[in-house]
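Fold and contact review
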Amino acid sequence: MSESAPAAASGAEGSAPRTERPKPASTETARRGFVARVALFFRQVVAELKKVVRPTRSELVTYTGVVLAFVAVVMAFVTLVDLGVGRLTSWVFGA
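Here is a short report on the structure shown in this document. (Residues numbered from 1 in each chain as written. Predicted model: local features only at pLDDT ≥ 70, side-chain atom pairs only at ≥ 80, totals over all residues. Heavy atoms only, no water.)

This part covers the overall build of the protein chain. Within the protein chain one finds four helices and zero strands. Seen in sequence order, the protein chain has helices and strands lined up from the N terminus as α-α-α-α. Taken as a whole, the protein chain presents about 9,500 Å² of accessible surface, with 66% of it coming from carbon and sulfur. (Helix = DSSP H or I, 4+ residues; strand = E, 2+ residues; numbered from the N terminus. Areas by Shrake-Rupley, 256 points an atom, 1.4 Å probe, with all protein chains shown as cover.)

On to helix α4 (residues 57-93), then. With 37 residues, α4 extends 53 Å from end C-alpha to end C-alpha; this agrees with the ideal 54 Å at 1.5 Å per step. The first or second residue beyond α4 is Gly94, which carries a positive phi of 65°. (Expected span 1.5 Å × (residues − 1).)

On to the pattern of salt bridges. Overall, the coordinates contain one salt bridge when judged by the stated rule. Here Lys51 makes a salt bridge to Glu48, at a shortest N to O gap of 3.1 Å. Since its relative accessible area comes to 46%, Glu48 is described here as partly exposed. (Salt bridge = Lys/Arg side-chain N within 4 Å of Asp/Glu carboxyl O. Buried < 20%, exposed > 50% of the residue type's maximum accessible area, 1.4 Å probe, protein only.)

Overall, the coordinates contain one aromatic pair when judged by the stated rule. Considering the side-chain rings of Phe41 and Phe42, the 5.4 Å spacing of their centres and the 70° angle between planes classify their relative orientation as edge-to-face. (Phe/Tyr/Trp six-rings, centres within 6.5 Å; stacked < 30°, edge-to-face > 60°.)

So, on to a nonpolar patch on the surface. On the surface, a nonpolar cluster with roughly 840 Å² of combined accessible area is contributed by Val67, Phe70, Val71, Val74, Met75, Phe77, Val78, Val81 and Val85. Residue Val67 is classed as partly exposed on the basis of its relative accessible area of 48%. (Patch = residues over 30% accessible without salt bridge, like charges linked within 9 Å, V, L, I, M, F, W, Y side chains within 5 Å.)

Taken by themselves, the reported measurements are silent on function.
Structure below.
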C-alpha cells in the first residue's frame with residue numbers, strides 16, 4: 001500500500017471540493033427593462049463594430065477583381081449549360 005492510500009480511502013485527498021451554488025440574482029438585476037435591454041444591445045453592437053478591420057484600398061481592389069472574375073466564370077458555365085439543355089430538348093422533342 002502506498003502512503004497516500006489511507007488518505008484517499010478517507011476521502012481527504014482527491015475528492016472535488018464542494019462549492020455552493022450561486023444564489024439567484026434579485027429580480028431587479030435579473031430582469032432589466034425594455035429600454036435598458038435595447039441600450040445594452042446597441043452598446044454591444046458598437047463594441048463589436050469597433051473590432052472590425054477595414055481592408056486597405058489595394059485589398060479592396062483585389063477582392064473586387066476576384067469576385068467579378070468568379071461571377072464571370074459562373075455566368076459562362078450557366079450559359080453553356082443553358083445552351084446545352086436547350087439544344088438537347090430541341091433534339092429530343094424535334095422542335
